[in-house]
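This is what each chain is made of:
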Amino acid sequence: MTLQSELQATIAELVDGQRGILAADESGGTIAKRFASVGVESTEQSRRSYRSALLTSEELGEYVSGVILFEETLGQCDDQGIPLAQRAAAQKILPGIKVDRGKGPLPGALGDTITFGLDGLGERLRGYKKLGARFAKWREVYPLGPENPTELGLHANAEVLARYAAVCQREGVVPIVEPEVLMDGNHSIERSAAVNERVWHSVFHALHRHGVILELMLLKPSMVTPGSECARAEPQQVAEYTLRSLRRAVPAAVPSIHFLSGGQSPEEATANLNALNRLGNAPWQLSFSYGRALQQPALAAWRGREEHICAAQGALVRRARLNHLAMLGQYRDSLERAE
Ligand code: 5MM
């Protein structure tokens, strides 16, 4: 198999018009925060049992084609000693891996951040592949403020995303490119549209400079919404702004756009995805790669108790199914009350 056909096969399995990607790659600090919100201590054992429950949810594979794992999870096994990545693959959910190593301030660009982890990336990817990872994810984070992101921030973050994506493709691993523009703040939806557009333009310029094959990558952007301190916008408005900005900046060669939820409620993230798909005529598949918006109800049902695992799995599969319907433009908010 050539590198190109290997990448193409992964894209074909991930992008089928029906399913999205579960983001379960919370790093140590984030998972500890999520667990604390339901009164659970984050330990190797509690993370293993929670994530093992998620990945073995019956029927999840009907609505989810891939799962992004944290490095620790890729090395973990279930109670029967079967690797969790293998359990996911058994229900046609491709295992992926978050490969960035967190972020810090970007010197010279006050308020902007930059993500670490490029050194030794090729070698790490070869190791992850042996453990079953078929795709990878790297997130650059853009705070949105009156002065941010700066020109330097835009350029530096785009370069890092493009370098990561080029290394992934060289290793036969499909890169998910995630430029997250944060919702935090009191900015208008118009400003969010303008900033997201600038970010995507800079990212695609960099991807081009680095020779990344657009047909063999996935984009994981934020939706265009007003800041979290403002009143929420209607799904129709979010969809119109998001699609207009994407059309202006994202080449049609990209096969699929998997949105992040970024702090939207589960219902909001589903309704917005549905509205996007109902607009129609997008040149890319419009799908989801939610973390919080898929996991919140499952986490709340689980609360660290073995006897709640079934309920947690049911909550996850339900959310995944509603987002699958949103991909088809067939979601209605009455479904939230129906089941
Ligand atoms: C699941 O959260 C991911 C990891 O975040 P940290 O490295 O900060 O712990 C994150 O990259 C996630 O995949 C995306 O932000 C999308 O998640 P949301 O919750 O925004 O849908």
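Residues numbered from 1 in each chain as written. Predicted model: local features only at pLDDT ≥ 70, side-chain atom pairs only at ≥ 80, totals over all residues. Heavy atoms only, no water.

Naming follows an unreviewed UniProt entry, where the protein chain appears as fructose-bisphosphate aldolase of Microbulbifer spongiae. The UniProt entry for the protein chain carries this comment under Pathway (unreviewed entry): "Carbohydrate degradation; glycolysis; D-glyceraldehyde 3-phosphate and glycerone phosphate from D-glucose: step 4/4." Quoted straight from UniProt, the Sequence similarities (unreviewed entry) entry for the protein chain says "Belongs to the class I fructose-bisphosphate aldolase family." (UniProt positions renumbered as here; feature names shortened; annotations may be inferred.)

Engineer: Would you explain helix α8 (residues 189–209) in this entry?
Structural biologist: Each α-helix turn comprises 3.6 residues. Residues three or four places apart therefore point the same way. Taking 1.5 Å of rise per residue, the 21 residues of α8 would be expected to cover 30 Å, and the 30 Å separating its terminal C-alpha atoms lies within 8% of that figure. Directly beyond the C-terminal end of α8, a positive phi value near 70° is found at G211. (Helix = DSSP H or I, 4+ residues; strand = E, 2+ residues; numbered from the N terminus. Expected span 1.5 Å × (residues − 1).)

Engineer: Any chance you could explain the side chain of Q91 here in plain terms?
Structural biologist: Tracing the backbone shows Q91 in the loop between α5 (84–90) and β3 (94–98). In this structure the side chain of Q91 is engaged in a polar contact, spanning 2.9 Å, whose partner is the backbone oxygen of S57. Not counting residues within four places of it along the chain, the set of residues in contact with Q91 comprises L55, T56, S57, E59, L60 and G61. (Polar contact = N/O pair within 3.5 Å; in protein donor to acceptor, adjacent residues only side chain to side chain. Contact = heavy atoms within 4.5 Å.)

Engineer: So what exactly am I meant to see when it comes to empty space enclosed by the protein here?
Structural biologist: Using a probe with the size of a water molecule, rolled over the atoms, empty space left in the structure can be pinpointed. As enumerated under the stated definition, the model contains two cavities of 30 Å³ or more in all. What the largest cavity holds in volume is close to 90 Å³. V181, M183, S222, M223 and T225 are the residues nearest the centre of the largest cavity, which is lined by 15 residues in total. Elements with a minimum of two residues in the lining of the largest cavity: β7 (174–181) and α8. A volume near 50 Å³ is recorded for the second largest cavity. Its residues assigned to classes, the lining of the second largest cavity comprises four nonpolar, two polar and two charged. (1 Å grid on protein atoms, 1.4 Å probe; cavity = no way out; pocket = protein on both sides within 12 Å on 5 of 7 lines; lining within 4 Å. Points joined across faces, edges and corners; volume = space filled by probe spheres on them. Nonpolar A, V, L, I, M, F, W, Y, C, P; charged D, E, K, R; others polar.)

Engineer: Explain the layout of surface pockets to me, please; I cannot follow it from the model alone.
Structural biologist: Size it by volume and the largest pocket reaches roughly 720 Å³. Around the largest pocket, the lining is made up of 33 residues, and of these T30, R34, R139, E180 and R292 lie nearest the centre. Breaking the lining of the largest pocket down by element, the ones donating at least two residues are α2 (28–36), β6 (135–142) and β7. Partitioned by chemical class, the residues of the lining of the largest pocket number seven nonpolar, 10 polar and 16 charged. The volume enclosed by the second largest pocket comes to roughly 210 Å³. Lining the second largest pocket are 13 residues, with S52, A53, D79, E306 and I309 positioned closest to its centre. Residue assignment for the lining of the second largest pocket shows that the elements contributing at least two residues are α3 (44–55) and α12 (309–327).

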